[in-house]
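# Geometric and topological summary
Letter by letter, the chains look like this.
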Amino acid sequence: MCMLHRYFNVINFSIYQAMLLLALFYQHSAVKLMLVLLLLHFLLSPSRQTDMRFMLLALIGATVDQVLVTMNVLTVDGGIIPFYLVLIWCALALTFNHSLRWITTLKPLYIMLTGAIAGPLSYYAALKTGALETPITTTSYVAIYAFVWLLLLPLLSYLAQVITYDHRISHE
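Below you will find a few notes about this structure. (Residues numbered from 1 in each chain as written. Predicted model: local features only at pLDDT ≥ 70, side-chain atom pairs only at ≥ 80, totals over all residues. Heavy atoms only, no water.)

### Points about the layout of surface pockets
By rolling a water-sized probe across the atoms, one finds the places where empty space is left. The calculated volume of the largest pocket comes to roughly 500 Å³. Put simply, the parts of the chain that give the lining of the largest pocket at least two residues each are α2 (8–26), α6 (83–95), α7 (108–129) and α8 (138–170). By residue number, the principal contributor to the lining of the largest pocket is α7, which donates 7 residues. Each residue belonging to the lining of the largest pocket can be placed in one class, and the counts come to 21 nonpolar, 7 polar and no charged. Reported here for the second largest pocket is a volume of approximately 230 Å³. (1 Å grid on protein atoms, 1.4 Å probe; cavity = no way out; pocket = protein on both sides within 12 Å on 5 of 7 lines; lining within 4 Å. Points joined across faces, edges and corners; volume = space filled by probe spheres on them. Helix = DSSP H or I, 4+ residues; strand = E, 2+ residues; numbered from the N terminus. Nonpolar A, V, L, I, M, F, W, Y, C, P; charged D, E, K, R; others polar.)

Next comes the structure, spelled out in structure tokens:
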């Protein structure tokens, strides 16, 4: 096994964190660099084809955020979620095949609790840095995201297992 592949979970985690920080602090100005980091992930990945299948999770996440825009939980220019948020979803989706794969092994209750805590924390950080805006109270915003992520993380985790299982079956 190549040394790069052995440590790819660390690379994947680092790329995700870098993209998250870029989006939090530079929003639209960071899009080009975020695209470069996403491309770097695919250039270095030991499982490019499977990683592409994980983009389904990004589509689901971006759709959820778009629904929250429609419901006036998030305020965005033009009524469409910003591209940097779509790129964050792409980076997060890729973690389910690498650095966040461990979460798929947890019991559903623990996945739900993790989602209900970690999801709103990320969105709260985005609110505080100005990367996202909301017309509702901070308490309502956090409560809505806690509920959304209580359901969303188990769904994404389940779908990650299905994608991984389907990939293994098709290559046997």
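### As for unusual backbone geometry
Positive phi, close to 40°, is recorded for Q27, a residue that is not glycine. By the element assignment, Q27 lies in the loop between α2 and α3 (31–44). On the accessibility criterion, Q27 (17% relative accessible area) is buried. Notably, N72 is not glycine yet its phi reads approximately 65°, a positive angle. Checked against the element boundaries, N72 lands in the loop between α5 (55–70) and α6. (Buried < 20%, exposed > 50% of the residue type's maximum accessible area, 1.4 Å probe, protein only.)

### Section: the nonpolar core
Of all hydrophobic cores here, the largest spans 53 residues; its most connected members are M19, M34, L57, W89, F96 and W149. For this core, the elements supplying multiple residues, two or more each, are α2, α3, α5, α6, α7 and α8. Look past the residues within four positions of W149 in its chain and what remains in contact with it is W89, L92, M112, G115, A116, G119, P120, Y123 and P154. (Core = buried A, V, L, I, M, F, W, Y, C linked by side-chain atoms within 4.5 Å. Contact = heavy atoms within 4.5 Å.)

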